[in-house]
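# A look at the structure
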Amino acid sequence: MKQYEFSARTQDEAVEMGLQELGVSIADVDIQVVEEGSKGLFGLFGSRPVKVRLTLKDAEEDPLADLLEDKKPAKPQIEPEKKQEKKPEKKAEKKPVEKKAEEKKPAPEKKKAEKKAEPAEKKEQEKPAVKAEIRPMEKPEVTMIAAEELTDDSPAGTAHAFLAELTKLMGVDVTIDMGTDAEGNVYGYINGDTLGILIGRRGETLDAVQYLTSLKVNRGREGYTRVTLDTENYRAKREDTLIRLANRMANRALRTGRKVSLEPMNPYERRIIHYALQQTEGVTTHSEGEEPNRHVVITNKK
C-alpha cells in the first residue's frame, strides 16, 4: 500500500487536498492523523497545520480483476505437458513415431489456451472507461456597485455595512465589493482573508456569515433577497472540486453497476452535484439522510 502525507489548516482540508492530488475518493483511502495541529489563540495566532497520512487501499470491485485471474490457469496447463515431453526422450529412441505424436499434442492445446484468452482480451476492450457528461452551474451576470454609490437603505448597502462591522469585530482586515444581478439578488466578495478565517471547515464559517448577512438584509423587507458571499474565490474552487468528484463517482456507478454514496454536503453543494449530472445518460441522483448528514447518491439506471 502506498502512503502520502498532506498538511492543511484543518483535517478536512488536508484530506480534501490529498484526494484531489491523488485523484481518488474518500472511500479509496485510509486516513490517519499524524499531527493534530493547533488553532492558536482565538483561532488567529500561533496556529499549526494538521498533517494527515492517506493510505491507498487495494483495488476493490475492479471489473478487470476476474478477467486477469482467468488468464493465470493457462500457464500451469502447458507446464505439466512440457515435463511429459522430456520423459519419452529418455526412454527409447526406437519409437520416433510415438515421440512425434507426443510432441504434437501440446500444440493444439496451446491454441486452445490462446483462444480462451482472446475472449478475455476482447471483454477488456469492450469495457472502456465511461465518461459522464457534466456541466457547471449556470452563473448569473453580476453588476458591481461602486462603494460611493451604496446607500444604507439598499440591500447591497445594508449587506456591505453589516459585513464591514462584522469583519472588524473578528479582527480581519479585508475589503468588501458588492454587486447585484438582474433579479436584485446581492453578491458580496470579501478580499484579503489570506488565512482562510472567513472560510472555516468546509466553508462552514463563510456559510454562517452569509446566513447572518441574509437575515440582516431581509429584515423588515417585503419579498426575499438572496445573498451570496465569497472570499478567496472559494465558491468557484469548491464547485470545480465537486464537479470533478461527480464525474469520477458517476463513472464508477456506470462501470460497476452499483450505486455510489457521497459524503454529507450542505444544500448548495448537493445542488451542484445534482445539476452537474442532470444531463448524464445512464445515472440518476437523489439525496438521502437527514441534516447535517444528508448526502447525494448516484445510481446506475441499468
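About the thresholds
Residues numbered from 1 in each chain as written. Predicted model: local features only at pLDDT ≥ 70, side-chain atom pairs only at ≥ 80, totals over all residues. Heavy atoms only, no water. Salt bridge = Lys/Arg side-chain N within 4 Å of Asp/Glu carboxyl O. Helix = DSSP H or I, 4+ residues; strand = E, 2+ residues; numbered from the N terminus. Buried < 20%, exposed > 50% of the residue type's maximum accessible area, 1.4 Å probe, protein only. Core = buried A, V, L, I, M, F, W, Y, C linked by side-chain atoms within 4.5 Å. Contact = heavy atoms within 4.5 Å. Pairing = 2+ DSSP bridges. Patch = residues over 30% accessible without salt bridge, like charges linked within 9 Å, V, L, I, M, F, W, Y side chains within 5 Å. Areas by Shrake-Rupley, 256 points an atom, 1.4 Å probe, with all protein chains shown as cover. Expected span 1.5 Å × (residues − 1).

- The name an unreviewed UniProt entry assigns to the chain is Protein jag, from the organism Aristaeella hokkaidonensis.

## Re the pattern of salt bridges
- Evaluation of the coordinates by the stated rule reveals 8 salt bridges.
- A salt bridge links Arg270 to Glu291; its shortest N-O distance comes to 2.8 Å. Pair noted here: Arg270 is in helix 9 (residues 267–276) and Glu291 is in the loop between strand 9 (283–288) and strand 10 (295–300), with a separation of 21 residues, a long-range link.
- Among the residues examined, Arg270 registers a relative accessible area of 8% and is labelled buried.
- Overlapping salt bridges, with partners in common, bring together Arg202, Arg238, Glu263 and Glu269 in one network.

## Some thoughts on the nonpolar core
- Grouped together as the largest cluster of nonpolar side chains are 19 residues, with contacts concentrated most on Leu163, Val174, Met178 and Leu229.
- If you list the elements that add at least two residues to this core, you get helix 6 (155–170), strand 5 (175–180), strand 6 (186–191), helix 7 (204–218) and strand 7 (227–231).
- With 4 residues, the top contributor of residues to this core is helix 6.
- For Leu163, the residues in contact, after removing those within four places along its chain, are Ile176, Ile190, Val209, Thr213 and Leu229.
- Membership of the second largest hydrophobic core comes to 17 residues, among which are Val260, Ile272, Ile273 and Val296.

## Concerning the pairing of strand 10
- For strand 10, the buried fraction is high: 5 of the 6 residues fall into the buried class.
- Pairing analysis gives 6 bridges linking strand 9 to strand 10, with the strands arranged antiparallel. By the bridge assignment for strand 10, Val283 is matched with Asn300.
- Counted along the chain from strand 9 to the antiparallel partner strand 10, the turn is 6 residues long, and its residue Gly289 has a positive phi close to 90 degrees.

## A word on a nonpolar patch on the surface
- On the surface, a nonpolar cluster with roughly 310 Å² of combined accessible area is contributed by Tyr211, Leu212 and Leu215.
- Here Leu212 lies in helix 7.
- The class for Leu212 is partly exposed, based on a relative accessible area of 41%.

## Some words on helix 6
- In a regular helix each residue adds 1.5 Å, so 16 residues correspond to 22 Å; helix 6 covers 22 Å between its end C-alpha atoms and thus fits that length.
- Among the residues of helix 6, those classed as buried are Ala156, Gly157, Thr158, Ala159, Leu163, Leu166 and Thr167.
- Buried residues along helix 6 sit against strand 4 (143–145), strand 5, strand 6, helix 7 and strand 7.
- Downstream of helix 6 by a residue or two, Gly171 has a phi angle that is positive, lying close to 75 degrees.

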